[in-house]
Structures are given as structure tokens and as C-alpha cells.
Amino acid sequence: MSVDQAIKFVCDELFDPTINHPEIGEKPKNIAKNFRVWATEMSHTGNLLELLNFLDKSQSPVVFEEQVRLGITTITEILPEFERKFANELEDRLTKDDLQVGMDYSTRMIHAICGSYDLRSGGILPVWDGAGSVDFVAIKATLSGGTYENSWIESRKRLKYFMKAISGNFSESYRDNAAIINNPQKPVLAFVREASSSRFTYYGRFFLLSIQSEEDGSKWFDLASWDDGMGQIAYITDVESSLHHKVKASQRMDATERRKRLETAASQPGKQRIVATAYQRNPDVIAEVLYRANGVCESCGKNAPFERLSDGSPFLEVHHKVPLSQNGPDTVENAAAVCPNCHRQEHYGRAKWPH
Ligand SMILES: [Zn+2]
Ligand SMILES: [Zn+2]
């Protein structure tokens, strides 16, 4: 048994009797034809089974009702026989973990790996885990051609990839764009092809370096190879809290033991790549709040502790009472100019402006 036999089985028993029935309507015929093409492009029986299960669950009532009306075998009827006949190879499926860098994959197999059986869904294919979080995202990038030209910034390592746009609007909140933007710790699997080629080549896992905007309002992702010696990336908040916990553990430790450990410790710290979300703050808000404070901390009422060497201005920091991370507005009313001590207290001690 092989995937070819499995494909032949579903064509002979399911798709062809539907498509070739003399009384079949135009619409169900076209839908059945479309999925017949999907079936013939599956490279593993397990992927074909997933496609059939998808069709069974989400099957177009147009096709189903037509099959029932004409007495043609339906997918629901064919599935148990399929599973019996090909029992030994149902587990045989291509997943994202089987992908090999440099290998070519058909568009429909890329979609099948992502569980998305609709070619109109665009170039970004987010895949969710059972808990509703993004597991990974696959992208199909066609180089050259078109108004918004995807290209290698550095061959195989840095990819310029335009965001999903609807009617020329490149919104970061579109589901597909947000899947990449909001999950920088999850890999973006890059499938790239030249405009002339029908198959995509897999270039491995990438991650989002930055979002770039063009003057015409278009936006693109600057994606860098994850596997290219960059190592694992972490969130800055995770890095900070993990260090905090390790310090706590060290403090609980016997001092003699700690000193023994210090003696053999490496004096050059290792490095880690981190991801941080930076807000594009309004400079006018900062300037206006500093003007309002006039060199006096708006929390403790004392003068700024020192002057900036660069310009002699009193050193105060502009803090958001309701943090931007909690959707606080970037406004003069929500901001306060505070001395460094009071600022740290707002974040780590008892806050004057609780949130
Ligand atoms: Zn203060
Ligand atoms: Zn602050």
C-alpha cells in the first residue's frame, strides 16, 4: 500500500463518481473537483486522511446534499473503509518537524501541514495549538513581481516580506499579521519561490527582527534566520524575572557555599538574544510633562537629583501612571515627571499611582 493507492481509492470511490455523475450540479461538481486536486497532491497517506477528516467535518453541504440526492457515496461513508484499508499508514504524515531546508514543497502540501485547505487564505498561515495559542506560522513568499516586492535582504538569512494587506491597508491587527507580531518567540517557517516557479523551497525557521514602513504606507516584516547561529530568543521580562528568582535562590544559599561557587564562576557573562516590545511614545507628551514639572519631581516634590551632563537639564523621567502595557494612554494627563528614586518605587515599590 502506498499513498498513490490511497489517492486512487478516494478518487475512484468518492471524487470521480461525484464529478462524473450526469446529473451533478455545477457548483458541487466544482467543489468536488477542487478537493480532488488537493487529494492528488498529498504526499503521505496520513496527510490525505487529515484532508478527508477536514472534508468530513466541514464538508460543504452543497456537495453532501447533492451526493445524498443522487445516491453517491459520501465522505462520511467512505472514511471507515479508508481507515481500514490503509490502517498501517495512517500515521505516515509530513509535519513541520519533517521539513528539510533546501527541499521543495507544493503549495497544497504546505497548506496541508498547516491544516489550512484554502489557497485563497494568503501568504501567511498561522497554526494554533489546542489551547488557542499560536504554535508556529508558515509564510509563502514569492520573490519579485508585484507592487510589493518580497526579496532577500541577505541571501537565505534575512527576508523582506510584505505584510498582509487588504485594499492597500497594511494593518498590524489583521489576524495573520498579528500572529507573527504578537508571537516573536514562535518560529516563522519560510517557504520561498521565484515568481516563475510553481513550487516553494523551504528555508527553515525565521523570526521577526522588526517591522518596516515605506513612505506609501506599505509595511513589511524584516525576518531573520532563526537557525543561523542566532540561538534561542527570550522576552526581556522573562530574562528579568528569571534572574530575580535566581538571585533569591542565591540569597537563600549558605554564604560559604556561594563564595565557593563564585571562585570557579566564569567572569565573562554569556549573551542572550532578547525580544522587547517598544512603544512609539509621543515626544510632545514627554516634552510637555517635563515643562509642567519644571525640574521638580511630581511624586515627592523634591528637585531633580542631578543635571544631565549633555544639556544641563534637570534629570527627571517621564512615567505612565497607567502603564502603556496595560493600555494606558500616551497622554500628558496619564504621565508624570519623576525622579529616578520615585520612578523605581512606582515600578517596584508602593506606587503613588496604583494600577
Ligand atoms: Zn521623587
Ligand atoms: Zn515608569
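What counts and what doesn't
Residues numbered from 1 in each chain as written. Chains lettered and ligands numbered in written order. Predicted model: local features only at pLDDT ≥ 70, side-chain atom pairs only at ≥ 80, totals over all residues. Heavy atoms only, no water. Donors = N, O, S within 2.8 Å, 3.2 Å for Na, K, Ca; no water. Buried < 20%, exposed > 50% of the residue type's maximum accessible area, 1.4 Å probe, protein only. Helix = DSSP H or I, 4+ residues; strand = E, 2+ residues; numbered from the N terminus. Pairing = 2+ DSSP bridges. Axes fitted to C-alpha atoms, helices over the stretch in contact; angles between N-to-C directions. Parallel < 35°, antiparallel > 145°, perpendicular 65-115°, else oblique. Contact = heavy atoms within 4.5 Å. Nonpolar A, V, L, I, M, F, W, Y, C, P; charged D, E, K, R; others polar. Phe/Tyr/Trp six-rings, centres within 6.5 Å; stacked < 30°, edge-to-face > 60°. Lys NZ or Arg CZ within 6 Å of the ring centre and 35° of its normal.

Some remarks on the coordination of the zinc ion (ligand 1)
Then, in step 1: The coordination sphere of the zinc ion (ligand 1) contains the protein donors Cys297 (SG), Cys300 (SG), Cys339 (SG) and Cys342 (SG), at a distance range of 2.2 to 2.4 Å.
Then, in step 2: Owing to a relative accessible area of 2%, Cys297 belongs among the buried residues under this scheme.
Then, in step 3: Under the relative-accessibility criterion, Cys339 is labelled buried at 8%.

What to know about the coordination of the zinc ion (ligand 2)
Then, in step 1: For the zinc ion (ligand 2), every protein donor is listed as His319 (ND1), His343 (NE2) and His347 (NE2), and the spread of their distances is 2.0 to 2.1 Å.
Then, in step 2: Motif for the zinc ion (ligand 2), donor spacing along one chain: H-x23-H-x3-H. With His319 in strand S11 (residues 317-320) and His347 in helix H11 (residues 340-348), this pair connects stretches of sequence that are 28 residues apart.

Quick look at the pairing of strand S12 (residues 335-338)
Then, in step 1: Burial of S12 is two-sided: the residues Ala335 and Ala337 facing one way and the residues Ala336 and Val338 facing the other way are all buried.
Then, in step 2: The pairing of S11 with S12 spans four bridges and is antiparallel. Residue His319 lies in a different strand from S12, and its bridge partner there is Ala336.

Here we look at the packing of helix H1 (residues 3-19) against helix H3 (residues 45-58)
Then, in step 1: Interhelical geometry of H1 versus H3 gives an angle of 25° and a closest axis separation of 9 Å. In terms of axis orientation, H1 runs roughly parallel to H3. Between H1 and H3, the contacting residues are Val3, Ala6, Ile7, Val10 and Phe15 on the first element and Thr45, Leu48, Leu52 and Leu55 on the second.
Then, in step 2: Taken together, the residues of the contact of H1 with H3 break down into eight nonpolar, one polar and no charged.

Quick look at the packing of aromatic side chains
Then, in step 1: For the structure on display, the rule yields 14 aromatic pairs.
Then, in step 2: Aromatic pair Phe9 and Phe86: ring centres 5.8 Å apart, planes at 65°, arrangement edge-to-face. Placement of the pair is Phe9 in helix H1 and Phe86 in the loop between helix H5 (75-85) and strand S1 (104-105), with a sequence separation of 77 residues.
Then, in step 3: Given the relative accessible area of 8%, Phe9 is considered buried.
Then, in step 4: Classification of Phe86 by relative accessible area gives buried; the value is 2%.
Then, in step 5: With 4.9 Å between their ring centres and 85° between their planes, Tyr148 and Phe170 make a pair best called edge-to-face. Placement of Tyr148 in the loop between strand S3 (134-143) and strand S4 (151-154) and of Phe170 in the loop between strand S5 (158-162) and helix H7 (175-181) is noted, with a sequence separation of 22 residues between them.
Then, in step 6: Within the aromatic cluster, the residues linked to one another by ring pairs are Phe9, Phe82 and Phe86.
Then, in step 7: Sitting above the plane of the Trp220 ring, Lys160 keeps its charged end 4.7 Å from the centroid.
Then, in step 8: Lying over the aromatic face of Trp353, Lys352 brings its terminal NZ or CZ to 5.9 Å of the ring centre.

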